[in-house]
Amino acid sequence: MIYLILFLLYAVVLSVALWRNGVRSPSKIAVEKSAIQPQNILIIGATGGTGRQLVAQALERGFSVTVLVRNTAKMDIEHPQLKILQGNVLDSATVDAAVQGQDAVVSALGHKQFFRPTRILSEGTRTILQAMEKHNVKRFVCETSLGIGSSAGRMGLYYTFFTIPVILPFYFWDKTRQEKLIAESAADWVIVRPGVLTNRKKRIKIRHGADIGNFITTVNISRADVAAFMLDQLTDDSNIGAAVGICW
Ligand SMILES: NC(=O)c1ccc[n+]([C@@H]2O[C@H](COP(=O)([O-])OP(=O)(O)OC[C@H]3O[C@@H](n4cnc5c(N)ncnc54)[C@H](OP(=O)(O)O)[C@@H]3O)[C@@H](O)[C@H]2O)c1
C-alpha cells in the first residue's frame, strides 16, 4: 500500500513538474503578414511515422521539400520536388546546410531511447533553431505532445499514472526543455501537441486548441491528421507563438 501511495505521489509530482517546465501560457506573437508564401520547406524526422505523412502531404500541396535523415535508405518516397540530405540533428554542420535557403522548418523529431536520460529532442531542436536564426528562417512548426506544460494531464489517466511516469519520464522531461527552447527562440513558432498517435486515415473533423485533451480518457489522433494540421500552420498565422493541442 505504501508503495502504491509513493508511486501515485511520484506521478502527481512529475505531472506538476511537466506543467511547470513546458510552455504554459498562450503567448501568441503578432507577426507581420508575409507577402511571400513558404515554398521551400525542411522536414526533420521524415523517416518517422508523422514525418512520412508530412513529406507525402507537403509534396501533394506543391511544396519543394528537403529532408534531413540519418539513413537515406529509409527514405522510400521519390519525387522531383524532394531533396534528400543525409545528416543528424545533433550535427550542426549538416543541420546548417539543410536549413540554408528554406522558408520554413517542420519537425516531427522523435526517438525510442526511453529508459535513460537523453537530450536528443532539446539539443536537436537547439541546433535547428540556431541554424534558423543564422539563415533568417522564421517559421518553425514542431510536434511535441499533450502532457507537457499547459496540457499536463490531458493525455488521460492511463498516460498520467502509467505510461508517462513509468516509460516516458526522461523523454517527456526532454520535451519540456525542447518546448522552452522553442518559446525562447526568435522564430515564429507553433508547437503542435497531439494525443496518442495512430496510423489511421485522416478524419474530416479534428479538435485543436489550448484546452484540448482529456484528464480521464486517452485521446487519439492519426499521424495523417497531425501532418495536415502542421502543414496548415505554414500559411496560417493564427497560432504563431502558441502551443496547440490536437486530437479527434
Ligand atoms: N507515439 C505517440 O503516441 C505520440 C503521441 C504524442 C506525441 N508524439 C511525438 O510525436 C513525434 C513524432 O512521433 P512519430 O511516432 O510520428 O515519429 P517516429 O516514428 O518516432 O520518428 C522520429 C523521427 O525522428 C528521427 N530522428 C531521431 N533522431 C534523429 C537524429 N539524431 N537526427 C535526425 N533525425 C532523427 C527518426 O529518424 P530514424 O528513422 O533515423 O530513427 C525519425 O525519422 C515524437 O516527438 C513523439 O514523441 C508521439
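An account of the accompanying structure is given in this report. Computed from a prediction, not measured in an experiment: that's the story for all the values here.

**Concerning the overall build of the chain**
When helices and strands are tallied, the chain shows seven helices and 10 strands. Its C-alpha atoms give the chain principal-axis dimensions of about 60 × 35 × 35 Å. Taking all 248 residues of the chain together, 44% fall into the buried category. The long-range fraction of contacts in the chain, counting pairs at least 24 apart against all pairs at least 6 apart in sequence, stands at 77%.

**A look at the site of the ligand**
Taken together, the neighbourhood of the ligand is formed by 25 residues, with Gly45, Gly48, Gly49, Thr50 and Gly110 sitting nearest. Elements with a contribution of two residues or more to the shell around the ligand: α2 (49-60), α4 (120-134) and β7 (196-198). Considering every element that reaches the shell around the ligand, the biggest residue donor is α2, with three residues. Taken together, the residues of the shell around the ligand break down into nine nonpolar, 12 polar and four charged.

**Looking at the packing of helix α1 (residues 2-21) against helix α5 (residues 157-167)**
Where α1 meets α5, the closest approach of the two axes is 9 Å, and the angle between their N-to-C directions is 80°. In this view, α1 runs roughly perpendicular relative to α5, as classed from their interaxial angle. Taking contact as the criterion, the partners of Leu8, Tyr10, Ala11, Leu14 and Ser15 in α1 are, on α5, Thr160, Phe161, Ile164 and Pro165.

**So, the nonpolar core**
One finds Ile43, Leu54, Val105 and Val192 to be the most contacted residues of the largest nonpolar core, which totals 56 residues. At six residues, the largest contribution of residues to this core is made by helix α7 (residues 223-232). If we skip the residues at most four places from it in the chain, leucine 54 touches Ile43, Ala46, Val106, Ala108, Ala227, Met230 and Leu231. Grouped together as the second largest cluster of nonpolar side chains are 12 residues, Leu18, Leu168, Tyr171 and Trp173 included.

Procedures and definitions
Residues numbered from 1 in each chain as written. Predicted model: local features only at pLDDT ≥ 70, side-chain atom pairs only at ≥ 80, totals over all residues. Helix = DSSP H or I, 4+ residues; strand = E, 2+ residues; numbered from the N terminus. Buried ≥ 20, exposed ≤ 12 C-beta atoms within 10 Å, placed from the backbone. Contact = placed C-beta atoms within 7 Å. Near = placed C-beta within 6 Å. Nonpolar A, V, L, I, M, F, W, Y, C, P; charged D, E, K, R; others polar. Axes fitted to C-alpha atoms, helices over the stretch in contact; angles between N-to-C directions. Parallel < 35°, antiparallel > 145°, perpendicular 65-115°, else oblique. Core = buried A, V, L, I, M, F, W, Y, C linked by C-beta atoms within 7 Å.

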